[in-house]
Amino acid sequence: MWLMSPGALAAGHLFPDCENGPLATNDVCNKALSIKQRSQALVAALETDEKYGLLVSTSSGVERLGLPNYEWWQEALHGVASSPGVRFADTGDFSYATSFPQPILMGAAFDDELIEAVATVVSTEARAFNNFNRSGLDYWTPNINPYRDPRWGRGQETPGEDPFHLSSYVTALIKGLQGGEDPDILKVVATCKHFTAYDIEDWLGNERYEFDAQITSQELAEYYSYNALNGVPTCSNSYILQDILRDHWNWTRDYQYVVSDCDALQNVYKPHNYRDTREASVASSLLAGTDLDCGTYYQLHLPGAFEQGLIDSDLLDRAVGRIYSALIKLGYFDSPDSNPYRSLSFSDVFTPYAEDLARRAAEEGIVLIKNDGTLPIQIPTDGNITMALIGDWANATTDMQGNYQGIAKYLHSPFYAASQIPGVKAVCLPGDPTTDGYPRALEAAAAADIIIYADGPTTASEAEGKDRTLIRWSGEKVDIMTQLAGLGKPFVLVQMGGQRDDAPFINHPNVSAILWGGYPGQAGGDAIMNVLTGKASPAGRLPVTQYPAHYVNDVVMTDMSLRPNTQTGNPGRTYMWYDKATVPFGFGLHYTHFATSVAVDEDEGDRSFDIADLTTSDCGSEVKHIDQCLFRRVPVTVSNMGNTTSDFVVLGFVAGEHGPEPYPIKRLIGYQRLHNIEPGQQQTANLTVTLGSLGRRDEDGNLALYPGFYSLLVDVPTQTTWNFTLKGEPFVLDEWPQDMGV
């Protein structure tokens, strides 16, 4: 017998009956035992043939034991999303969920508290869906790949290009999704993807399914599926799944498992040709540590691998034990009254708080790139202004969400939001890729008081399976925009989607302002209009480098190197190694002026520190690894020198000549968003600088603290510096595992 919440429909996410069903006498239902003991009891009750069907994403369950079928594949990148395990209703309850901005825009907020709050809402709604049999409990999110190349179609799924920023964002997100770092009961299971070195879809015929990423140990440790890594498909790569993930990073909790990307196990056989047979291919993946198959390859070919002696029962039991330990940790085998999440319902979906948070998340991420004083737009109190909204995004709907989206209750475009503002007459003309649309656009703009041109890439050109080949504005877009800007009216470019090279407009005297809005979600239009009119003040920072258009000709996308290379012509990637950006990483304007200063202790003298002293001092019992030891907590005071209340993101970078050459331009080591700093007031951010954040990787990937000159740089462009030196011998903080090729 299987149990479900009242009102749920029978599908495939029912709970086992631990009171009256066949499992009632099995210790998997005994809450007094450990997770490992409970999973071992379940595994011991399984026949060998029953295990194969449990190791695939659409699990068959075991009817004999009352173990329900289960769909492991749910998505929730920026809200509960349409996916194999999520079923939205046609109407009424559970026909929608809160749709937040894409991570690339939320990443621009540089606000980890915001991200945890968003993830908490998402997991609450996910649990409500599950209680009514409309989703499972395992969500394949977040995307943790750094946005290395501006052409990558899935960059929108990530918070940006910087690994420190990404790790902080993901840490906050996972806490919100799972209900804490290691809670007694997991709220949902978050599944980080893609491990590792995956950021190519289909670039000039180079497909992700067959791509072999060649990466040095140094850059693998620094920065970074379907692809292979240095000749070995990632699903069959024991170096990354065992040596790095489990042995080095101690990813060994009973409920932590590895799932393949969809059909990636088939890719091990073809096109990677890593093993000669299908049976050997699945065996190599199971041996390496891939526990669950998104697809059917395990179910089809593990039986043959078992018969051929390529795997044994212990390997099968290890994989089944890991994935069902996760369900045990989720309270899957426990009574409803012992799990607080089992009481959540549709009344907990799309609450007023969630709705407000979705809009605020978009507002916080929006980046002001240019402003000649036109913004914020002043709406008259005793009359009307006419606002012409032109471009492909002017009346966008589903484009606002980006990919991996769910069904939103509404999608407010910029035009819709403008039309709701008292005193504004909004006129909308969607974009037209031909000159046929020019006359209407020019006529509408000429009759308007202000022109808003909303345009940019959409998922039609950048998404899973789609890489871009160009990052410039097309000729006809530049043509019509400069014509419109030449009418003598205020002209504002609202750049949406991924980054394009804004150079034609940044220095153009008739372009009044440029705003980047990314993929802003259900309330994106509201957020954009709130920022344009000053109801909300912009404080987002670009989470990526905006490259010049010619960058796509300077380096091939398949070159995974980050550092400049004169032999290959690679000019470098990301703000750490590339200094010719159109708009740099971390840039963002405000409607006010801020000044920053670093408060330095007077007794620090020449600010010279001995490495031996730093690495032998006691870091405290709460610090598990020496790289996490505190170096300094640097207070940065931020003063609002203008007339507008605004947030401010404090960004702290380290630069200097230390460690192996070449030296990076700078590296982000800390950030904090300060909220609502009033005119004439100041707030203080405390940047936590650890020994690890000062360390650099050597050619073998080892993280070491090096003697030399260091400079803490605050803001983009730099407003304040704090200089110091380290002296003594280099000290290895983290010894990186070496790939022995076994």
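This structure is a prediction, so every number in the text was calculated from the model and none was measured.

Asks: Which residues make up the overall build of the chain, and what are the values?
Replies: On a plain count of helices and strands, the chain comes out with 21 helices and 28 strands. Taken against the 2.2 N^0.38 rule, which gives 27 Å for 742 residues, the C-alpha radius of gyration of the chain at 27 Å falls within 12% of a compact globule. Expressed as lengths along the three principal axes of its C-alpha atoms, the size of the chain is roughly 80 × 70 × 50 Å. The proportion of buried residues among the 742 residues of the chain is 60%.

Asks: Residue-level account of the nonpolar core, with values.
Replies: Within the largest apolar cluster, 80 residues are counted, with the highest numbers of intra-cluster contacts made by M387, I390, I452, F491 and L532. Ranked by size, the runner-up nonpolar core spans 52 residues in total, among them Y52, L137, L286 and I311.

Asks: Tell me what's going on with the pattern of salt bridges, and back it up with residues and numbers.
Replies: Counting across every chain of the model gives 23 salt bridges. Between R151 and D149 there is a salt bridge whose closest N-O contact spans 2.8 Å. Of the two residues, R151 and D149, both sit in the buried class. Residue R359 pairs with E363 through a salt bridge whose shortest N-O separation is 2.9 Å. Taken as a pair, R359 and E363 lie in helix 12 (residues 352-365) at a separation of four residues, close to a single helical turn. Assessed through its relative accessible area of 12%, E363 is described here as buried. It is possible to trace a salt-bridge network through shared partners that takes in R360, E364, D647 and R673.

Asks: Got a sec to walk through the packing of helix 1 (residues 35-44) against helix 11 (residues 313-329)? Specific residues and values, please.
Replies: Where helix 1 contacts helix 11, the axes come no closer than 9 Å and their chain directions differ by 125°. Compared by their axis directions, helix 1 and helix 11 come out oblique. For helix 1 against helix 11, the interelement crossing comes out right-handed. Residues I35, R38, S39, L42 and V43 of helix 1 form the contact with helix 11, whose participating residues are D317, V320, G321, Y324, S325, I328 and K329. Here the residues of the contact of helix 1 with helix 11 sort into six nonpolar, three polar and three charged.

Asks: Which residues make up the sheet that holds strand 22 (residues 667-677), and what values do they have?
Replies: Pairing between sheet strands relies on hydrogen bonds along the backbone, with the strands arranged either parallel or antiparallel. Strand order in the open sheet formed by five strands is 19-27-26-21-22, and the pairing between neighbours is mixed. Looking along the sheet, the strands with just one partner apiece sit at the ends: strand 19 (608-610) and strand 22. When strand polarity is set aside, the average angle formed by the axes of neighbouring strands in this sheet is 20°. In this structure, strand 21 (residues 646-655) lies alongside strand 22, joined through eight bridges in antiparallel fashion. What sits directly across from S646, in strand 22, is I677.

Asks: Explain the environment of R468 to me, and be specific about the residues and the numbers.
Replies: As for its placement among the helices and strands, R468 is situated in the loop between strand 15 (450-455) and helix 15 (475-485). We classify R468 as buried; its relative accessible area is 5%. Put simply, R468 and Q628 are 160 residues apart on the chain and 38 Å apart in space, counted from C-alpha to C-alpha. Here the side chain of R468 touches P150 through a polar contact of 3.4 Å, landing on its backbone oxygen. For R468, the side chain forms a polar contact with the main-chain oxygen of Q499, separated by 2.8 Å.

Asks: Give a description of the state of the cysteines that names residues and reports values.
Replies: Within the structure shown, the criterion is met by three disulfides. With its sulfur 1.6 Å from that of its partner, C619 forms a disulfide with C629. With the S-S bond torsion at 105°, the cross-link from C619 to C629 turns out right-handed. In this pair, C619 sits in the loop between helix 20 (611-616) and strand 20 (630-640) while C629 sits in the loop between helix 20 and strand 20, placing the two residues 10 residues apart along the sequence. The connectivity of the disulfides in the chain is 1-2, 3-4, 5-6, where the numbers refer to bonded cysteines in sequence order. With no disulfide of its own, C235 lies closest to C294 among cysteine sulfurs, the gap being 10 Å.

Asks: Tell me about unusual backbone geometry, residues and numbers included.
Replies: With an omega of 15°, the peptide bond between K270 and P271 qualifies as cis. Relative to the helices and strands, P271 resides in the loop between helix 8 (264-269) and helix 9 (278-288). E661 connects to P662 through a cis peptide bond whose omega is -5°. As for its position among the elements, P662 is in the loop between strand 21 and strand 22. Positive phi values are uncommon outside glycine, yet F110 reaches one of about 50°. When you line up the elements, F110 lands in the loop between helix 3 (103-107) and helix 4 (112-131). Judged by its relative accessible area of 1%, F110 is buried. For N133, which is not glycine, the phi dihedral falls at a positive 60°.

Asks: Quick one: what's the story with helix 15, residue by residue and with numbers?
Replies: Taken together, the buried positions of helix 15 are occupied by K477, I480, M481, L484 and A485. The buried residues of helix 15 occupy one face: seen down the axis, they fall within an arc of 135°. Its buried side turned inward, helix 15 meets strand 13 (385-390), helix 14 (438-446), strand 15, strand 16 (491-496) and helix 16 (503-506).

Asks: Give a description of the environment of G431 that names residues and reports values.
Replies: Relative to the helices and strands, G431 resides in the loop between strand 14 (424-429) and helix 14. Owing to a relative accessible area of 23%, G431 belongs among the partly exposed residues under this scheme. Between the C-alpha atoms of G431 and D455, which are 24 residues apart in sequence, the distance is 8.0 Å. Excluding its chain neighbours within four sequence positions, the residues that come into contact with G431 are G391 and D392.

Asks: Could you give an account of the packing of aromatic side chains, with specific residues and numbers?
Replies: Counted under the stated rule, the structure contains 34 aromatic pairs. Aromatic pair Y710 and F724: ring centres 5.3 Å apart, planes at 10°, arrangement stacked. Here F724 lies in strand 27 (residues 720-727) and Y710 lies in strand 26 (residues 708-714), a separation of 14 residues in the sequence. By relative accessible area, which is 0% here, Y710 ends up buried. A residue is classified by how much of its surface remains accessible, and F724, at 3% relative accessible area, is buried. Each member of the aromatic cluster is reached from another via a ring pair, and the members are F88, F94, Y96, F129, F132, F346, F350 and Y410. Over the face of the ring belonging to F653 we find K666, whose NZ or CZ atom lies 4.1 Å from the ring centre.

Asks: Can you lay out helix 14 for me, pointing to particular residues and giving the numbers?
Replies: Considered for burial, the residues of helix 14 that qualify are Y438, A441, A444 and A445. Looking down the long axis of helix 14, one finds its buried residues gathered within 140° of arc, a one-sided arrangement. Turned more than 90 degrees from where helix 14 packs its buried face, P439 and E443 sit exposed.

Asks: Give a description of the confidence of the model for the chain that names residues and reports values.
Replies: The share of residues in the chain with pLDDT of 70 or more is 92%, and the mean pLDDT across the chain is 91. Ignoring residues within four places in sequence, the model shows residues 1-12, a span with pLDDT below 50, making 34 contacts including any to other chains. Confidence drops under a pLDDT of 50 for residues 222-226, and excluding neighbours within four residues, the segment shows 36 contacts in the predicted structure.

Conventions used here
- Residues numbered from 1 in each chain as written.
- Predicted model: local features only at pLDDT ≥ 70, side-chain atom pairs only at ≥ 80, totals over all residues.
- Heavy atoms only, no water.
- Helix = DSSP H or I, 4+ residues; strand = E, 2+ residues; numbered from the N terminus.
- Rg over C-alpha atoms; globule rule 2.2 N^0.38 Å.
- Buried < 20%, exposed > 50% of the residue type's maximum accessible area, 1.4 Å probe, protein only.
- Core = buried A, V, L, I, M, F, W, Y, C linked by side-chain atoms within 4.5 Å.
- Salt bridge = Lys/Arg side-chain N within 4 Å of Asp/Glu carboxyl O.
- Axes fitted to C-alpha atoms, helices over the stretch in contact; angles between N-to-C directions.
- Parallel < 35°, antiparallel > 145°, perpendicular 65-115°, else oblique.
- Left-handed = near helix turned anticlockwise from the far one by under 90°.
- Contact = heavy atoms within 4.5 Å.
- Nonpolar A, V, L, I, M, F, W, Y, C, P; charged D, E, K, R; others polar.
- Pairing = 2+ DSSP bridges.
- Polar contact = N/O pair within 3.5 Å; in protein donor to acceptor, adjacent residues only side chain to side chain.
- Disulfide = S-S within 2.5 Å.
- Arc of directions from axis to C-beta.
- Phe/Tyr/Trp six-rings, centres within 6.5 Å; stacked < 30°, edge-to-face > 60°.
- Lys NZ or Arg CZ within 6 Å of the ring centre and 35° of its normal.
- pLDDT = per-residue confidence, 0-100.

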